[in-house]
Amino acid sequence: MANVVVVGAQWGDEGKGKIVDWLSERADVIARFQGGHNAGHTLVVGGEVYKLHALPSGVVRRGKLSIIGNGVVLDPWHLVKEIAGIREQGVEITPETLMIAENTPLILPFHGELDRAREAQNSVAKIGTTGRGIGPAYEDKVGRRVIRVADLGDARTLELRVDRALVHHNALRAGLGLDPVDRDALIEDLRAIAPEILQYAAPVWKVLKDKRRAGRRILFEGAQGALLDIDFGTYPFVTSSNVIAGQATTGTGAGPDAVGFVLGIVKAYTTRVGEGPFPTELHDDDGQRLGERGHEFGTTTGRKRRCGWFDACLVRQSCAISGVTGIALTKLDVLDGFETLKICTGYELDGVRMDYLPTAADQQARCTPVYEEMPGWSQSTEGARSWADLPAEAIKYVRRVEELIECPVALLSTSPERDDTILVTDPFAD
Ligand code: IMP
């Protein structure tokens, strides 16, 4: 049975929502494996718009099991609010339809405060985070002082865990000029929220093992994009989790043999939110136009996204690192009407041609994109549902993208509407 991993292959916001929704209809289980409520997916199902942050996309579809894996960091108060909002839209969420791994780390209020305090401090430290406490929560996980879902079940353990975390955090807060955390109030708040979270707690690794045995189809739903990966992204301007496809297994407890098809989501141009290198960024009318036509504003923070030409060199790198089987190319219609399109095929660094982005920050800064120009098209590609609906130049653009990234297109998305998709390969096909 081919299970599918969906990952972003750029800096996030590649249009995963629509593709994940399309795939989740075909899946039985939808599992998030990293990130937290820094993510934002907009789903349109039956005319209803759902905005999801921490919840897997499967929750809005009947009869699916949604899973929050241990690779996620979970803000329990946010989750309860998000569930309430989705319920108000008429969706049923129960312990039968939503499970949270018992070993999932929790984001606590002091993580968000620390995230925002650091961001406000000075320009040297600034990453341009979503301010949701994602980084500090992951730091605590690796620092062996995080509070996990299972800890909510026992009063004594919870106190010990809080005290352990506060030894570190109160010292840090003093340095940043923040008041110490009110220990007792925090424990009280955690006790109050505990039953709401614990009802969904489950040994997810085991649930997945049983589902696989029963021949159920699993969709591993990634958030953000490979260039924000903690190891392989444009460090330090990255998120604090592994975003690439390998994380689907460690972030859920499903073994590597659970993964069949890796679908990389790739936008036909490039965007980025927050600080950090972006070799093909445009500061001219073309960039402005991509932003306007593509509605490039963040779902989570509403921030304006930086826009630029398609960087085939970076996507080739992302596809290799995630072992992408095929890509879903999104937002091709945003390129309609450009007379000429540019694709970055590599970089020039101190007079030397590079076919990958080097790791050293100073070298990244000196890399200038090498572009290939292609003729644009004047016709609209919006809503195309077959290759025959596309102008010849658009097909040439897609074919050139495939060649340069060394990966085939499995799906082509031509509008936010779910049916406006050209299917080349069904990732769930055996
Ligand atoms: P954090 O994940 O909030 O720590 O933010 C770290 C970096 O990742 C910042 O540049 C954010 O803008 C970026 N980021 C986090 N989540 C997303 C996302 O879902 N889409 C795009 N960028 C994101």
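Since this is a predicted model, take the numbers as computed values, not measurements.

Looking at the overall build of the chain
No. 1: When you go through the chain residue by residue, the secondary structure sums to twelve helices and 18 strands.
No. 2: Dimensions of the chain along its principal axes, counting C-alpha atoms only, are 65 × 50 × 35 Å.
No. 3: Restricting to contacts in the chain with at least 6 residues of sequence separation, those with at least 24 account for 76%.
No. 4: When the accessible area of the chain is evaluated, it comes to approximately 17700 Å², of which 49% is carbon and sulfur surface.
No. 5: On the chain, the mean spot of the 49 positive side-chain charges and the mean spot of the 60 negative ones are 4 Å from each other.

Some points on the nonpolar core
No. 1: By size, the foremost hydrophobic cluster in this structure holds 55 residues, and its most contacted members are L332 and Y397.
No. 2: The element contributing the most residues to this core is helix α12 (residues 392-405), with six residues.
No. 3: A domain split of this core shows at least three residues from each of domain 1 (4-103 + 200-261) and domain 3 (266-423).
No. 4: With residues near it in sequence (within four places) discarded, L332 still touches A268, W377, T381, L390, A394, Y397, V398, L412 and S413.
No. 5: Grouped together as the second largest cluster of nonpolar side chains are 36 residues, V59, L152, L166 and L190 included.

Notes on the site of the ligand
No. 1: Residues in contact with the ligand amount to 15 residues; listed here are only the nearest, D13, N38, T130, T239 and R303.
No. 2: Between the ligand and N38 there is a distance of 2.9 Å, counted from an oxygen atom to a side-chain nitrogen or oxygen.
No. 3: A distance of 3.0 Å separates an oxygen atom of the ligand from a polar side-chain atom of R303.
No. 4: Contact with the protein chains hides 95% of the accessible area of the ligand, taken as 470 Å² for the molecule alone.

Quick word on unusual backbone geometry
No. 1: Cis rather than trans, the peptide bond between Y235 and P236 has omega equal to 5°.
No. 2: By the secondary structure assignment, P236 is in the loop between β8 (218-221) and α8 (247-250).
No. 3: In this model, E406 sits at a positive phi of 60°, which is unusual for a non-glycine residue.
No. 4: The topology assignment puts E406 in the loop between α12 and β17 (409-413).
No. 5: Classification of E406 by relative accessible area gives exposed; the value is 63%.

Here we look at empty space enclosed by the protein
No. 1: Scanning the model with the defined rule gives one cavity of 30 Å³ or more in all.
No. 2: Looking at the largest cavity, its volume works out to about 40 Å³.
No. 3: If you go around the largest cavity, the residues you meet are A226, L227, F232, I244, Q317, S318 and I321.
No. 4: Considering only residue class, the lining of the largest cavity consists of five nonpolar, two polar and no charged.
No. 5: Formed jointly, the lining of the largest cavity draws a minimum of three residues from each of two domains, domain 1 (4-103 + 200-261) and domain 3 (266-423).

Comments concerning the sheet that holds strand β9 (residues 261-267)
No. 1: One open sheet holds the ten strands; their spatial order is β7-β6-β5-β2-β8-β1-β9-β13-β17-β18, and the pairing between them is mixed. The open sheet terminates on both sides in strands that have one partner only, identified here as β7 (201-202) and β18 (421-423).
No. 2: As defined by bridge partners, strand β2 (residues 29-32) adjoins β8 across four bridges and the pair is classed as parallel. Counted as the bridge partner of I30 is L219 from β8.
No. 3: In this fold helix α7 (residues 204-213) packs onto β2, β5 (65-68), β6 (98-101), β7 and β8, with an angle of close to 145° to the strand it touches most, β5.

Here we look at the domain arrangement of the chain
No. 1: When the domains of the chain are assigned, the result is domain 1 (4-103 + 200-261), domain 2 (109-197) and domain 3 (266-423).
No. 2: Summarising the inter-unit geometry, the C-alpha centres of domain 1 and domain 3 are found 24 Å apart.
No. 3: Listed as interface residues are 31 residues of domain 1 and, on the opposing side, 38 residues of domain 3.
No. 4: Overall, the association of domain 1 and domain 3 removes approximately 2700 Å² of surface from exposure, summing both partners, and the carbon and sulfur fraction of that is 62%.
No. 5: When the buried area of domain 1 at its contact with domain 3 is split by residue, Q10, W11 and K18 rank highest and sum to 26% of it.
No. 6: Inspection of the region where domain 1 meets domain 3 yields three salt bridges.
No. 7: Between E25 and R418 there is a salt bridge whose closest N-O contact spans 2.4 Å.
No. 8: Seen at the junction of domain 1 and domain 3, the total is 16 residue pairs in polar contact (both at pLDDT 80 or more).
No. 9: For the side of domain 1 that touches domain 3, the element with the most residues is helix α1 (residues 16-24), which contributes four residues.
No. 10: Looking at side-chain class alone, the side of domain 1 that touches domain 3 contains 14 nonpolar, ten polar and seven charged residues.

Conventions we followed
- Residues numbered from 1 in each chain as written.
- Predicted model: local features only at pLDDT ≥ 70, side-chain atom pairs only at ≥ 80, totals over all residues.
- Heavy atoms only, no water.
- Helix = DSSP H or I, 4+ residues; strand = E, 2+ residues; numbered from the N terminus.
- Contact = heavy atoms within 4.5 Å.
- Areas by Shrake-Rupley, 256 points an atom, 1.4 Å probe, with all protein chains shown as cover.
- Lys, Arg positive; Asp, Glu negative; His and termini not counted.
- Charge placed at Lys NZ, Arg CZ, Asp CG, Glu CD.
- Core = buried A, V, L, I, M, F, W, Y, C linked by side-chain atoms within 4.5 Å.
- Buried < 20%, exposed > 50% of the residue type's maximum accessible area, 1.4 Å probe, protein only.
- Domains from an automatic or database assignment.
- Near = heavy atom within 4 Å.
- Polar contact = N/O pair within 3.5 Å; in protein donor to acceptor, adjacent residues only side chain to side chain.
- 1 Å grid on protein atoms, 1.4 Å probe; cavity = no way out; pocket = protein on both sides within 12 Å on 5 of 7 lines; lining within 4 Å.
- Points joined across faces, edges and corners; volume = space filled by probe spheres on them.
- Nonpolar A, V, L, I, M, F, W, Y, C, P; charged D, E, K, R; others polar.
- Pairing = 2+ DSSP bridges.
- Axes fitted to C-alpha atoms, helices over the stretch in contact; angles between N-to-C directions.
- Buried area = accessible area lost by both parts, 1.4 Å probe.
- Salt bridge = Lys/Arg side-chain N within 4 Å of Asp/Glu carboxyl O.

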